[in-house]
Amino acid sequence: MANKRVIVDPITRIEGHLRIEVEIDDNNVIQKAYSSSTLWRGLETIVKNRDPRDAGFLMQRICGVCTFSHYRAGIEAVEDALGIVPPLNAKLTRSLMNMSLFMHDHVVHFYHLHGLDWVDVVAALDADPEKAAKEAFKYSEAPIATGENDLIKVKKRVKEFVDRGQLGPFANAYWGHKTYRFTPEQNLILLAHYLKALEVQRDLAKLMAMFGGKQPHPQSLTVGGVTCIMDLLDPSRMGEYLTLFKKGVDFVENAYQADVIMAGIVFKDEPSVTQQAGVMNFMAHKEMQLNRSEFLFDSGIIYEGDLSKVFDINEDLITEEATHSWYADDEPLHPYDGKTNPEYTGFRDMDTIGADGTEVHSKVIDEKGKYSWIKSPRYDNKPMEVGPLACILISYAKGNERIVPLVDDFLAKTGLPKAALFTALGRTAARMIQARAIAKYGLEAFNTLIENLKVDQDTYTSYKIDKNLEYKGRFIGDVPRGMLSHWIRIKNGVVENYQAVVPSTWNAGPIDALGQVGPYEANLIGLKVADVSQPLEIIRIIHSFDPCIACAVHVMDKKGTDLGTYRVDPNYGTSC
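So, how was this worked out
- Residues numbered from 1 in each chain as written.
- Predicted model: local features only at pLDDT ≥ 70, side-chain atom pairs only at ≥ 80, totals over all residues.
- Heavy atoms only, no water.
- Helix = DSSP H or I, 4+ residues; strand = E, 2+ residues; numbered from the N terminus.
- Rg over C-alpha atoms; globule rule 2.2 N^0.38 Å.
- Buried < 20%, exposed > 50% of the residue type's maximum accessible area, 1.4 Å probe, protein only.
- Contact = heavy atoms within 4.5 Å.
- Axes fitted to C-alpha atoms, helices over the stretch in contact; angles between N-to-C directions.
- Parallel < 35°, antiparallel > 145°, perpendicular 65-115°, else oblique.
- Left-handed = near helix turned anticlockwise from the far one by under 90°.
- Nonpolar A, V, L, I, M, F, W, Y, C, P; charged D, E, K, R; others polar.
- Salt bridge = Lys/Arg side-chain N within 4 Å of Asp/Glu carboxyl O.
- Pairing = 2+ DSSP bridges.
- Core = buried A, V, L, I, M, F, W, Y, C linked by side-chain atoms within 4.5 Å.
- Phe/Tyr/Trp six-rings, centres within 6.5 Å; stacked < 30°, edge-to-face > 60°.
- Lys NZ or Arg CZ within 6 Å of the ring centre and 35° of its normal.
- 1 Å grid on protein atoms, 1.4 Å probe; cavity = no way out; pocket = protein on both sides within 12 Å on 5 of 7 lines; lining within 4 Å.
- Points joined across faces, edges and corners; volume = space filled by probe spheres on them.
- Polar contact = N/O pair within 3.5 Å; in protein donor to acceptor, adjacent residues only side chain to side chain.
- pLDDT = per-residue confidence, 0-100.

Asker: Break down the overall build of the chain for me, with residues and values.
Answerer: Each helix and strand in the chain was counted, giving 17 helices and 16 strands. Taken over the C-alpha trace, the chain has a radius of gyration of 24 Å; the compact-globule value for 576 residues is 25 Å, and the two agree within 12%. Along the longest, intermediate and shortest principal axes, the C-alpha atoms of the chain span 65 × 55 × 55 Å. Per-residue burial for the chain yields a buried fraction of 60% across its 576 residues. Of the contacts made within the chain by residues no fewer than 6 positions apart, 73% connect residues no fewer than 24 positions apart.

Asker: Give a detailed account of the packing of helix α3 (residues 88–113) against helix α6 (residues 184–212), specifying residues and quantitative values.
Answerer: Two elements in contact, α3 and α6, have axes whose closest approach is 9 Å; the angle formed by their N-to-C orientations is 160°. Relative to α6, the element α3 is oriented roughly antiparallel. You can see that α3 and α6 cross each other, and the crossing is left-handed. Where α3 abuts α6, its residues T93, L96, M97, S100, L101, M103, H104, V107, V108, F110, Y111 and H112 lie against L190, H193, Y194, A197, L198, Q201, L204, A205, L207, M208, F211 and G212. For the contact of α3 with α6, the per-class residue count stands at 17 nonpolar, 7 polar and no charged.

Asker: Kindly report on the pattern of salt bridges, identifying the contributing residues and their values.
Answerer: Applying the stated criterion across every chain yields a total of 37 salt bridges. Put simply, D9 and R19 hold a salt bridge, and the shortest N to O gap is 2.8 Å. Here R19 lies in strand β2 (residues 18–24) and D9 lies in the loop between β1 (4–8) and β2, a separation of 10 residues in the sequence. The class for R19 is buried, based on a relative accessible area of 7%. It is possible to trace a salt-bridge network through shared partners that takes in R5, D9, R19, E21, E23, R348 and E367.

Asker: Tell me about the pairing of β2, and please be specific about residues and values.
Answerer: Judged by how many residues are buried, β2 sits mostly within the fold: 7 of 7 residues are covered. Judged by which residues are buried, β2 turns out to be covered on both faces: L18, I20, V22 and I24 on one side and R19, E21 and E23 on the other are all buried. As consecutive antiparallel partners, β2 and strand β3 (residues 30–37) are separated by 5 residues, and within that stretch N28 has a phi angle of approximately 65°, a positive value.

Asker: Please give an account of the nonpolar core that cites residues and values.
Answerer: Core analysis: the largest hydrophobic core is formed by 170 residues, its most contacted members being L524 and I538. In terms of residue count, the dominant contributor to this core is helix α8 (residues 235–266) (15 residues). In this structure L524 touches I20, V22, I30, A33, Q275, I538, I541 and I542, once residues within four positions along its chain are discounted. Within the second largest apolar cluster, 12 residues are counted, among which are I318, Y336, M384 and W487.

Asker: Give me the lowdown on the sheet that holds strand β16 (residues 494–501), citing residues and values where you can.
Answerer: A sheet is described by the order of its strands in space; here 3 strands give the open sequence β14-β15-β16, paired in antiparallel fashion. Single-partner strands in this sheet number two, and they are β14 (471–479) and β16. If you compare each strand with its neighbour and ignore which way they point, the axes differ by 15° on average.

Asker: I'd like a rundown of the packing of aromatic side chains, residues and numbers included.
Answerer: Summed over the entire model, instances satisfying the criterion amount to 22 aromatic pairs. Here F211 and Y241 contribute two aromatic rings whose centre-to-centre distance is 5.2 Å and whose plane-to-plane angle is 25°, an arrangement assigned as stacked. With F211 in helix α6 and Y241 in helix α8, this pair connects stretches of sequence that are 30 residues apart. Under the relative-accessibility criterion, F211 is labelled buried at 0%. Grouped by ring-pair contacts, the aromatic residues W326, Y327, Y344, F347 and W373 constitute a single cluster. Note that R402 overlies the ring of Y441, its terminal NZ or CZ placed 5.7 Å from the centroid. In this structure, R427 is placed above the aromatic ring of F545, and the distance from its NZ or CZ to the ring centre is 3.8 Å.

Asker: Summarise the layout of surface pockets; cite the residues concerned and give the values.
Answerer: One number sums up the size of the second largest pocket: a volume of about 530 Å³. For the second largest pocket, the lining is made up of 20 residues, of which R72, E76, K91, Q289 and F295 are closest to its centre. Looking at the lining of the second largest pocket, the elements with two or more residues in it are α2 (67–82), α3, β7 (287–289) and β14. Looking at the lining of the second largest pocket residue by residue, the class counts come to 7 nonpolar, 4 polar and 9 charged.

Asker: Help me get a handle on the environment of S37, residues and values and all.
Answerer: Topologically, S37 is positioned in strand β3. Spatially, the C-alpha atom of S37 lies 10 Å from that of T505, the residues being 468 residues apart in sequence. Once residues within four sequence positions are removed from consideration, S37 is found in contact with H17, W326, S372, W373, I374, I549 and V553.

Asker: Which residues make up the side chain of H114, and what values do they have?
Answerer: Inspection of the secondary structure puts H114 in the loop between α3 and α4 (129–136). On the accessibility criterion, H114 (0% relative accessible area) is buried. Within the local environment of H114, its side chain forms a polar contact with the side chain of D117, the two groups lying 2.8 Å apart. A polar contact of 3.1 Å, which involves the side chain of H114, links it to the side chain of T428. Residues contacting H114, with those up to four places away along its chain left out, are R13, H109, T428, R540, H543 and S544.

Asker: Give me the environment of Q276: which residues, what numbers.
Answerer: Turning to its location among the elements, Q276 is positioned in the loop between α9 (271–274) and β6 (282–284). Along the chain, Q276 and L524 lie 248 residues apart, while their C-alpha atoms are 9.8 Å from each other.

Asker: How would you explain the packing of α3 against helix α12 (residues 424–441) if you had to name every residue and give the values?
Answerer: Here α3 crosses α12 at 145°, and the two axes come no closer than 10 Å. Crossing angle aside, the handedness with which α3 passes α12 is left-handed. Residues M99, F102, M103, H106, H109 and F110 of α3 pack against T428, R431, Q434, A435, I438 and A439 of α12. Each residue belonging to the contact of α3 with α12 can be placed in one class, and the counts come to 7 nonpolar, 4 polar and 1 charged.

Asker: Explain helix α16 (residues 536–544) residue by residue, including any values.
Answerer: Counted residue by residue, α16 has 9 buried out of 9 residues, so it is predominantly covered. Within α16 the residues assigned to the buried category are L536, E537, I538, I539, R540, I541, I542, H543 and S544. Looking one or two residues beyond α16, the residue adopting positive phi is D546, at roughly 55°.

Asker: For the confidence of the model for the chain, give the residues involved together with the corresponding values.
Answerer: Of all residues in the chain, 95% have pLDDT values of 70 or greater, and the mean over the chain is 92. Here residues 560–576 is modelled with pLDDT under 50, and outside its nearest four sequence neighbours on either side it reaches 7 contacts, counting other chains as well.

Asker: Summarise unusual backbone geometry; cite the residues concerned and give the values.
Answerer: A cis amide bond links D9 to the next residue, P10, at an omega of 0°. By secondary structure assignment, the location of P10 is in the loop between β1 and β2. Between Q215 and the following residue, P216, the backbone shows a cis peptide bond with an omega angle of 5°. Among the structural elements, P216 can be located in the loop between α6 and β4 (221–222). For R13, which is not glycine, the phi dihedral falls at a positive 55°. Assignment of secondary structure puts R13 in the loop between β1 and β2.

Right, dumping it as structure tokens:
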């Protein structure tokens, strides 16, 4: 029999609009997979012909989650083009802001976006709070929010939701799915941390606002440095940063780490968690400056999962192509020469499998043509996975003395082999390890900044833009979702061309001209789906990448062409 088509649209608990289509055989094994971004938006065109000093402020609007990442990238791309080196105080301040972003982002992702792929909320109602409180001590010496009284309150709170028939943020999930593995007590522990993380992420967001003025969309970075010198010289402000940072450290060490270790132990035999990544090439860039010369994470490339060799990045080998993307220019282009001319070809008619498992007539992507607004980045014509997993693998393979013990600690506590790192579980664990690394070593940057401010209070380097000269520059670094790069050309004193190649573009891009699939699509092929009407396995793997589709699709049509129509029912999901 012919393969059946299953559509998951939209993928929820992500940023942006993502559609996943898969072809499954009679045994419910995925034979082909397609990742499609279905909404077009963006800023690469808006920034053209503007003062390059505005680039960072405009580009941070690419996304409401990754605001600091694109803000900093836009600022530092211009600094690179103009040959500006900001003072050490500015570099370390940006680093501290970046650390707050990473910890905030990773905590929110694991609990509020990815968490319900692991946690069966309804099953937690069968938990014994006393047993659950004792269970928590298996994974942490000082558990957070898991005392018996705490757990009784959490259970009561969720039961009230269920009794009213309104699960609120926990509605419409696949409760009872056979691939959930936690005991009721373990589910209750994670549910308690889900609720506690709502408080913790608020404090972590404050860390960004302290030096950024606000969060999201901070305002204190400028070409040449930072503008928050009064905050840096205020002992009370610096003390508040230190206090809140340590609160974040406590949660990362005694809740986040404990829960991921528990997941590693319990889910180690679940195929949707342990299936090997389809793309085994990984790329990351050094990130998180700690002092004048050291960075927390390393740069490099790993091919075919070989941890014995790490290659340097050659920026000239980075390209984007649009063979299967809704753009007119298919050829692979370096980002300095990138083009964003739309060519929308729409969908085709086909019978697919509906939510109840029956056949329905649907509009599907045309996999032989163009089917996504995301381009296909390649390095030396090869697909690459970027993200926390790539970052941790490369730092581990290079013998980074700060990272190696953290990876080995996770493997030892879970009893997992190194091969487990190359999976959705490994991807999820890598985020936790990144957060632990920042929690453990981030204050090196804070202490270096304090000491340097005693002898040097410079936070800005002056510069001049010569309108008679042409400039080009770029930012490359790792952000919470992986390697990000912004590329700028400046002519006549304004932006001539601008391209952003973001982590979710590397991971979510469609098939390229050579027939190579990207990380999202490759990681789904070969996966067995227990119930096509409840494709939890698909969602679990896609969420492990932490998609940010608004970042991946960041161009606009200046002519106002009608590219698609979207109807939203304002009464959907409301109640009296």
